[in-house]
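# Structural overview
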Amino acid sequence: MNHKKIYQVVFLLAIVELGGGSWYRDKEREKDKPVFNLESVRLNVTAVEGRKAVLSCSVASLMDRQVSWIRKEKHPVVLSSGTITFTSDSRVSVRNPAGTEDWELGIEKVRTSDSGPYECQVNTEPKMNLAYNLRVVPAAAVILGEKSVYVKPGSSISLSCTISLFSVPPATIQWFRDGRLLNLGSPRGGVSLENEKTPQYTRSTLLVTRAVPEDSGNYTCTPSSGHSASVTVHVLDGENPRAMQRGEISGADMDFLVQNNLMIASVLLLSFL
């Protein structure tokens, strides 16, 4: 075999070796490529205003790569790399619980303005991205007790409304009856409010003394931030007004029963004539 042919064989072997080595390296690199674990991950997260919102990103085979969290606004904002945060917002933190592949973005005292798209990103080439959406809903007020309250004339109406919402300053609560703001200074008198405010909740207790039938109606407590709550108050004469509540007989149903009974009585009377 002449030298020319030897050189050609060596050159071909070198090409095969280089190609095979590159293919092998690519396969090894692909084998070690990070993978998003989607089995236990929620991509659409709903949180209540004032509480903590958590977005969790699970990445297997991360090796020496970094996980970043990004707020996908009109101009995306990088919130973190690894567990280091880049935002001045002290409510934001990132943790990687020991022994897990999870990277948790936490937002304390979450606000409705925190709603929107977020992204978990791994610094591979090209980059790996996983999209999330955070929805923050206002907290809801709660009026303790039944949805319908029955009281006798002359007694007191006491309604307590609470909203658990972390806000600074604390939320305020207003009371309405049949859609009109209650006037504590009205000539009627006997209407008062007792308010308790903390950074965690606001409680407002409405007290109406010497109840009269005109005090009946739909009472609504409306917080400055959050959803309202309502209760219906009935001021009724009778020995046991709660019996009507258990029977769930409305005024219209009662009128129908009376008219129906009168009709039956008339038919029976005519049959004897």
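Everything in this summary refers to the structure shown in the same document. For every chain, the first residue of its written sequence is number 1, and the numbers climb from 1 along that sequence. Local features in this predicted model are restricted to residues whose pLDDT is 70 or higher, and side-chain atom pairs enter the listing and the counts only when it is 80 or higher, whereas totals over whole chains, interfaces and linings include all residues. Note: side-chain values were computed over all heavy atoms of the structure, leaving out hydrogens and water.

### What to know about the state of the cysteines
A pair of cysteine sulfur atoms is labelled a disulfide when the two atoms are within 2.5 Å. Scanning the entire structure with this criterion turns up two disulfides. Between the sulfur of Cys-57 and that of Cys-120 lies a disulfide, 2.1 Å long from S to S. One quick way to see it: the torsion about the S-S bond of Cys-57 and Cys-120 is about -75°, and its sign makes the bridge left-handed. Taken together, the residues span a long stretch of sequence, with Cys-57 in strand β3 (residues 53-60) and Cys-120 in strand β9 (residues 116-122) at a distance of 63 residues. Residue Cys-57 shares its accessibility class with Cys-120, and that shared class is buried. The connectivity of the disulfide bonds within the chain can be written as 1-2, 3-4, using the sequence rank of each bonded cysteine. Put simply, DSSP H or I for four residues or longer makes a helix, DSSP E for two residues or longer makes a strand, and each gets a number counted from the N terminus. Throughout this description, buried means an accessible area under 20% of the type-specific maximum (1.4 Å probe, protein chains only), exposed means over 50%, and partly exposed covers the range between.

### A look at the pairing of strand β16 (residues 191-197)
In regular strands, side chains alternate between the two faces of the sheet. At least two DSSP bridges between two strands are needed for those strands to be called paired. In this structure, β16 lies alongside strand β17 (residues 201-208), joined through seven bridges in antiparallel fashion. Opposite Val-191, over in β17, you have Val-208 as the bridge partner. With antiparallel pairing between neighbouring strands as the criterion, β16 and β17 make up a hairpin whose turn holds three residues.

### Considerations on unusual backbone geometry
Cis geometry marks the peptide bond from Glu-125 to Pro-126; its omega dihedral reads 0°. You can see Pro-126 is positioned in the loop between β9 and β10 (128-137). Although it is not a glycine, Met-63 adopts a positive phi angle of roughly 55°. Notably, Arg-210 is not glycine yet its phi reads approximately 50°, a positive angle. Position of Arg-210 among the secondary structure elements: in the loop between β17 and β18 (217-223).

### What to know about the sheet that holds strand β1 (residues 35-36)
Sheet architecture is open: four strands sit in the order β1-β3-β8-β7, paired in antiparallel fashion. A strand with exactly one partner marks an edge of an open sheet, and here the two such strands are β1 and β7 (92-95). For β1 and β3, the ladder comprises two bridges, and the chain directions are antiparallel. Directly across from Phe-36, in β3, lies its bridge partner Val-59.

### What about the side chain of Gln-121?
Structurally, Gln-121 can be placed in strand β9. The class for Gln-121 is buried, based on a relative accessible area of 14%. Under this definition, polar contacts are N or O atom pairs within 3.5 Å; protein pairs additionally need one hydrogen-donor-capable and one acceptor-capable atom, and for neighbouring residues in sequence, both atoms have to be side-chain atoms. At 3.1 Å, the side chain of Gln-121 and the side chain of Asn-129 are in polar contact. Between two residues, a contact is recorded if the distance between any of their heavy atoms is within 4.5 Å. Residue contacts for Gln-121: discarding those within four places in its chain leaves Gln-66, Val-67, Ser-68, Ile-70, Lys-127, Met-128 and Asn-129.

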